[in-house]
Amino acid sequence: MSAGKRKFHIRAGDTVYVLAGKEKGKTGKVLRIDRNVEKAFVEKLNIIKRHSRPTQKNPAGGIIEKEAGIHVSNLMLYDSESNQPVKVGYRTGEDGKKVRYNRRTGKEI
């Protein structure tokens, strides 16, 4: 059974804390999320090198460094005010929309 396109506790633009892997303990901003493979691409984390041939866009070619995906289960939302990773909860806001909130402090995200 495939997971399909799921919703995640993190979104593009969030600051996240890495729980596992070679980047464990580091924080960074989520650039984008690939919902098909359940991975998030975090700015300046999990850097890989790719060899590319010369193209019209990149006439020099060479070795390009870019971010690889980190599975979303290994990421936790990071609260910059308390400098700690936080659990995310969901509740209905005053306007009737579903909102995320910090389960430790109760503040909306």
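Residues numbered from 1 in each chain as written. Predicted model: local features only at pLDDT ≥ 70, side-chain atom pairs only at ≥ 80, totals over all residues. Heavy atoms only, no water.

## Focus on the sheet that holds strand 1 (residues 15–18)
Within a sheet, adjacent strands bond to each other through the backbone by hydrogen bonds, running parallel or antiparallel. Here 6 strands make up an open sheet; going across it, the order is 6-3-2-1-7-8 and the pairing antiparallel. The sheet is open, and its two edges are formed by strand 6 (69–71) and strand 8 (84–86), each paired on a single side. The average angle at which neighbouring strand axes cross in this sheet is 55°, direction not considered. Of the pairings in the sheet, the one linking strand 1 to strand 7 (residues 75–79) comprises 3 bridges and is antiparallel in character. (Pairing = 2+ DSSP bridges. Helix = DSSP H or I, 4+ residues; strand = E, 2+ residues; numbered from the N terminus. Axes fitted to C-alpha atoms, helices over the stretch in contact; angles between N-to-C directions.)

## A short note on the side chain of Asn 46
Considering the arrangement of structural elements, one finds Asn 46 in the loop between strand 3 (39–42) and strand 4 (47–52). The residues contacting Asn 46, other than those within four sequence positions of it, are Lys 22, Glu 23, Lys 66, Glu 67, Ala 68, Gly 69 and Ile 70. (Contact = heavy atoms within 4.5 Å.)

## Section: the nonpolar core
Ile 10, Ala 40 and Leu 75 are the most contacted members of the largest nonpolar core, which totals 15 residues. Residues within four places of Ile 10 in sequence aside, it is in contact with Val 16, Val 30, Ile 33, Ala 40, Val 72, Leu 75, Leu 77 and Arg 100. (Core = buried A, V, L, I, M, F, W, Y, C linked by side-chain atoms within 4.5 Å. Buried < 20%, exposed > 50% of the residue type's maximum accessible area, 1.4 Å probe, protein only.)

## Concerning the side chain of Glu 23
Tracing the backbone through its elements, the reader meets Glu 23 in the loop between strand 1 and strand 2 (27–34). Looking at Glu 23, its side chain comes within polar contact range of the main-chain nitrogen of Asn 46, at 3.1 Å. Contact partners of Glu 23, with chain neighbours within four places excluded, come to Val 18, Leu 45, Asn 46 and Ile 47. (Polar contact = N/O pair within 3.5 Å; in protein donor to acceptor, adjacent residues only side chain to side chain.)

## Things to note about the layout of surface pockets
For the largest pocket, the calculated volume is near 170 Å³. What lines the largest pocket is Asp 14, Thr 15, Leu 77, Tyr 78, Asp 79, Glu 81, Val 86, Asn 102, Thr 105, Lys 107, Glu 108 and Ile 109. Per-element accounting of the lining of the largest pocket gives the leading share, 3 residues, to strand 7. (1 Å grid on protein atoms, 1.4 Å probe; cavity = no way out; pocket = protein on both sides within 12 Å on 5 of 7 lines; lining within 4 Å. Points joined across faces, edges and corners; volume = space filled by probe spheres on them.)

## As for the pattern of salt bridges
Summed over all chains, the structure comprises 5 salt bridges. The salt bridge partner of Arg 100 is Asp 14, with a shortest N-O separation of 2.8 Å. Of this pair, Arg 100 sits in strand 10 (residues 98–102) while Asp 14 sits in the segment before strand 1, and the two are 86 residues apart along the sequence. On the basis of relative accessibility, which here comes to 6%, the residue Arg 100 falls in the buried class. Put simply, Lys 26 and Glu 23 hold a salt bridge, and the shortest N to O gap is 2.8 Å. Take Glu 23: its relative accessible area is 11%, and that puts it in the buried class. (Salt bridge = Lys/Arg side-chain N within 4 Å of Asp/Glu carboxyl O.)

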